[in-house]
Protein chains: 2
Amino acid sequence: MNAPRRMVILVDGHTDTLTAKTAICVIRYRPEEVVAVLDRGAAGKTSGELLGVGGAIPVVASLADTPPANTLLLGIAPPGGKIPVPWRQIVLEALGRGMTVVSGLHDFLADDREFTQAAARHGAVLVDLRRNDECEVAQRRGIRAECLRIHTVANDCSSGKMVVSVEVAQGLQKSGVDAAFVATGQTGIIVAGSGCAVDRVISDFVAGAAERLVLANQHHEVIVVEGQGSLFHPRYSGVTLSLLHGTMPHGLIACYEMGRRVVFGMPDVPLPALGKVIEYYETTANIMHPCRVIGIAVNGVKFSDAEVAAECARMEDEFKLPACDVIRHGPQKLVEAVRKLMKDFRQKNCP
Amino acid sequence: MNAPRRMVILVDGHTDTLTAKTAICVIRYRPEEVVAVLDRGAAGKTSGELLGVGGAIPVVASLADTPPANTLLLGIAPPGGKIPVPWRQIVLEALGRGMTVVSGLHDFLADDREFTQAAARHGAVLVDLRRNDECEVAQRRGIRAECLRIHTVANDCSSGKMVVSVEVAQGLQKSGVDAAFVATGQTGIIVAGSGCAVDRVISDFVAGAAERLVLANQHHEVIVVEGQGSLFHPRYSGVTLSLLHGTMPHGLIACYEMGRRVVFGMPDVPLPALGKVIEYYETTANIMHPCRVIGIAVNGVKFSDAEVAAECARMEDEFKLPACDVIRHGPQKLVEAVRKLMKDFRQKNCP
């Protein structure tokens, strides 16, 4: 389909900033492609009112109520990635209208016989963003020494790594650097138009998949590779490590959400202090490649401007690193940190 | 098939101790099930002469030359897990004889149309040891506090972790402890008769798969969970971490092969010193659960008795931990280390 994408994003009650992160990020970075948000309980509101992004984009109760659209995006990212049961009818209705249905869930649309039959009947397309056929281990061959690799990491999953990666890459571009955002998750893939959902790759091949993303993008001066999960998350730490070791970053941006004390989805598991987070990521990254944390990205979505400003000041003081909330303050401080690392890097490469 | 397994193990020139580790371990721990080794270039020798294990088990040039057998095992574990091209004819011949063909490779037999058609034609069975349908994240629920969890880790892959795990579990059993070996790789699965090849699991679900192995085996007093890969291996570090964090061991046994200086399969990547290995595994394990290294397993396969004894003495002196080569010395020192940890553990659980 080469027609411009005109998306309806299905959230249907899952509107908190963590569960609806796919919806929120696509609306934030691809607003021109979003014609409506589908939430049966909030119809009549605007996207801005419901999700805090998307301004006047309407919230509708059904596909029948939306402006002309050709794509339905399932806009949530629940742990484990299962398709919510009540959504099946909506997916079938979209397919009945010939719409492309796009999903980032682990449960593949294309593995569901009712969906594939409906798609075939109506000439509709099913897109599973997490599907991949990665089957090669990392090789450590052909890595371009002149490309600076930046990677976002965090104390937890769903902390804002993707947003920080996009903002820093865009900020670098605005400052004249040939930079690219490299997507490693389903939301990033919609935003970037390419990438690999590494959490769905067979574990033996995740570092290889990360390496191939580097190889495919290293013609840029700087790449900002989106991190996944967290080395401190009982469920996803291995995904995070494979990606970190496959990417071999020169610089890390440490992300966290203010006020979060326990692991997302696991309230019995406390999160470590940021100092420990930084130290452990640096130790771990340096197993494969010299690397240091160059900045801190504070996600202050639940706090006031003053509270976030105070938090950033505390972090800068404690860690002697630039700290900002990219949504509130813009990414400039982190962009400057990358430019500084580029300068050191160039001097080392071309002394 | 409930008939006793009578296996021919295909190695066909891949006889070095690393590449043939599946063959060697199955012969070592299931010798009563192995009727022949198939190696076209070494027919007429014994398994003992060719592989250093298996005594008088004959090495044959073709399936026509073997004693009566009902199973063909593909006995190698190459990086990436592809089926060697010259083996296709042998697999087809085995299927033609109605034999079960067992493979631990990433390339599944059952995904190969020529193999599935031949199997169907002759009523033969294809077994892919790495196949799994793991699709649940770790939950941290239902973990039995009274089961002591031991885990083998290493500075590199193919270092002897499976052998150490089996030997220590068997040694514990002989000393009267209700212990079980828990298999996490294709070879271990043949030896144990159950398990999960975690390197083939979708990365998001590896910690969950490890947790389910714990849940399935924690009725024992002690479980020895086989480690995979290495936190220092650019290709597999994430598999290792997911398994470590999903297992939540109380005690680790640090394994390494004497004389190895670079990562297996990646000659440009140096291996770290054992002190760094121990420190990093302990730090990493303790993110999830209190844990310490309780012993060192030296794989001295390429060295003399005297050299291995001297190495073990050096390690014991440097790290104040028991050290032995389980093949050469037996696992007693490591068994004692586990029993000591059991005692501390019981005192803590029932003071």
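So, a few notes on the structure that sits alongside this text. (Residues numbered from 1 in each chain as written. Chains lettered and ligands numbered in written order. Predicted model: local features only at pLDDT ≥ 70, side-chain atom pairs only at ≥ 80, totals over all residues. Heavy atoms only, no water.)

When you go through chain A residue by residue, the secondary structure sums to 12 helices and 14 strands. For chain A, whose C-alpha radius of gyration is 20 Å, the value lies close to the compact-globule estimate of 20 Å for 351 residues. Taken over the C-alpha atoms alone, chain A extends approximately 60 × 50 × 45 Å along its principal axes. Residue pairs at least 24 apart in sequence account for 73% of intrachain contacts in chain A once pairs closer than 6 positions are excluded. Only carbon and sulfur atoms are counted for the fraction: they give 52% of the accessible area of chain A, which is about 13,500 Å². Considering chain A, the positive charge centre built from 37 side chains and the negative charge centre built from 38 side chains are found 2 Å apart. (Helix = DSSP H or I, 4+ residues; strand = E, 2+ residues; numbered from the N terminus. Rg over C-alpha atoms; globule rule 2.2 N^0.38 Å. Contact = heavy atoms within 4.5 Å. Areas by Shrake-Rupley, 256 points an atom, 1.4 Å probe, with all protein chains shown as cover. Lys, Arg positive; Asp, Glu negative; His and termini not counted. Charge placed at Lys NZ, Arg CZ, Asp CG, Glu CD.)

Facing 39 residues of chain B, the contacting portion of chain A comprises 39 residues. Summed over both partners, the interface of chain B with chain A buries about 3,200 Å², with 59% contributed by carbon and sulfur atoms. When the area that chain B buries against chain A is broken down by residue, the three leading residues are Ser203, Asp204 and Arg235 of chain B, summing to 19%. Summed over the shared surface of chain B and chain A, the number is 2 salt bridges. (Buried area = accessible area lost by both parts, 1.4 Å probe. Salt bridge = Lys/Arg side-chain N within 4 Å of Asp/Glu carboxyl O.)

Below, the discussion takes up the sheet that holds strand S9 (residues 222-225) of chain A. Residues and elements named next belong to chain A. As summarised here, the arrangement of the 6 strands in space is S8-S9-S7-S10-S13-S14, forming an open sheet in which the pairing is parallel. Since the sheet does not close on itself, it has two edges, and those belong to strand S8 (179-182) and strand S14 (323-324), each with one partner. As judged from the 2 bridges shared by strand S13 (residues 292-299) and S14, these two strands associate in the parallel manner. From the neighbouring strand, Ile296 faces S14, where its bridge partner is Ala323. Strands in contact with helix H12 (residues 332-349) are strand S7 (148-154), S9, strand S10 (251-257), S13 and S14; relative to S13, the strand with the most contacts, it is inclined by about 170°. (Pairing = 2+ DSSP bridges. Axes fitted to C-alpha atoms, helices over the stretch in contact; angles between N-to-C directions.)

Our next topic: the relation of the copies chain B and chain A. Overlaying chain B on chain A yields an RMSD of 0.0 Å, the required transformation being a rotation through 180° with an accompanying axial translation of 0.0 Å. Interpreted geometrically, this transformation is the action of a two-fold axis. (Least-squares fit on C-alpha atoms with pLDDT ≥ 70 in both.)

A separate point is the sheet that holds strand S5 (residues 100-103) of chain B. Residues and elements named next belong to chain B. With parallel pairing, 6 strands are arranged side by side in an open sheet as S3-S2-S1-S4-S5-S6. Every other strand in the sheet has two partners, leaving strand S3 (59-60) and strand S6 (126-128) as the edge strands with one partner each. As judged from the 4 bridges shared by strand S1 (residues 7-10) and strand S2 (residues 34-38), these two strands associate in the parallel manner. Following the sheet pairing, Leu10 is matched in S2 by Leu38. Contacting S1, S2 and strand S4 (71-74), helix H1 (residues 21-29) runs over the sheet at an angle of about 155° to S1.

Core analysis: the largest hydrophobic core is formed by 56 residues, its most contacted members being Ile296 of chain A together with Ile296 of chain B. Leave out the neighbours within four places in its chain, and Ile296 of chain A touches Ala254, Tyr256, Leu274, Ile278, Met315, Phe319, Leu321, Pro322, Ala323, Cys324 and Leu334 of chain A. (Core = buried A, V, L, I, M, F, W, Y, C linked by side-chain atoms within 4.5 Å. Buried < 20%, exposed > 50% of the residue type's maximum accessible area, 1.4 Å probe, protein only.)

This part takes up the pattern of salt bridges. Pairing between side chains of opposite charge can happen when their charged atoms approach one another. Residue and element names in this part refer to chain A. Applying the stated criterion across every chain yields a total of 42 salt bridges over all chains. Close ionic contact of Arg97 with Glu93 constitutes a salt bridge, the shortest N to O distance being 3.4 Å. Note on Glu93: relative accessible area 33%, which makes it partly exposed. With its nearest N and O atoms 2.6 Å apart, the salt bridge here joins Arg212 to Glu134. Within this pair, whereas Arg212 is found in helix H7 (residues 206-217), its partner Glu134 is found in the loop between strand S6 (126-128) and S7, the two being separated by 78 residues in sequence. Judged by its relative accessible area of 25%, Arg212 is partly exposed. Judged by its relative accessible area of 17%, Glu134 falls in the buried class. What emerges from the salt-bridge pattern is a single network uniting Asp156, Glu257, Arg260 and Lys302.

To continue, consider the packing of aromatic side chains. Inspection of every chain in the model, using the stated rule, returns 5 aromatic pairs over all chains. When the centroid spacing of 6.1 Å and the interplanar angle of 65° are considered together, the rings of Phe232 of chain A and Tyr281 of chain A count as edge-to-face. One end of the pair, Phe232 of chain A, is in the loop between S9 and helix H8 (237-247); the other, Tyr281 of chain A, is in helix H9 (residues 274-286), and 49 residues separate them in sequence. The class for Phe232 of chain A is buried, based on a relative accessible area of 4%. Relative accessible area serves as the criterion here: at 1%, Tyr281 of chain A is assigned to the buried category. The rings of Phe232, Tyr280 and Tyr281 of chain A together with Phe232, Tyr280 and Tyr281 of chain B are connected pair by pair, giving a single aromatic cluster. (Phe/Tyr/Trp six-rings, centres within 6.5 Å; stacked < 30°, edge-to-face > 60°.)

Time to look at unusual backbone geometry. Backbone geometry places Met248 of chain A, a non-glycine residue, at a positive phi of 50°. Tracing the backbone through its elements, the reader meets Met248 of chain A in the loop between H8 and S10. Although it is not a glycine, Asp12 of chain B adopts a positive phi angle of roughly 50°. Position of Asp12 of chain B among the secondary structure elements: in the loop between S1 and H1.

Residues and elements named next belong to chain B. Along the chain, Val224 falls in strand S9 (residues 222-225). Counting along the chain gives 44 residues from Val224 to Ala180, while the straight-line C-alpha distance between them is 6.2 Å. Ignoring sequence-local partners within four residues, the contact set of Val224 consists of Ile150, Ser165, Val168, Ala169, Leu172, Ala180, Phe181 and Val182.

Here we take up helix H3 (residues 88-96) of chain A. Residues and elements named next belong to chain A. Buried within H3 we find Ile90, Val91, Leu92, Ala94 and Leu95. Among the structural elements, strand S1 (7-10), strand S2 (34-38), strand S4 (71-74), strand S5 (100-103), helix H4 (113-122) and S6 are those in contact with the buried residues of H3. A positive backbone phi angle near 80° is found at Gly98, which sits one or two residues after H3.

This part is about the packing of H3 of chain A against H4 of chain A. Describing two packed helices takes the angle between their axes plus the distance from one axis to the other. Residues and elements named next belong to chain A. For the pair H3 and H4, the least separation of the axes is 8 Å and the interaxial angle reads 20°. Taken together, the axes of H3 and H4 lie roughly parallel to each other. Seen from above, H3 lies across H4 with right-handed handedness. Two secondary-structure elements touch here, H3 through Arg88, Val91, Leu92, Leu95 and Gly96 and H4 through Glu114, Phe115, Ala118, Ala119 and His122. (Parallel < 35°, antiparallel > 145°, perpendicular 65-115°, else oblique. Left-handed = near helix turned anticlockwise from the far one by under 90°.)

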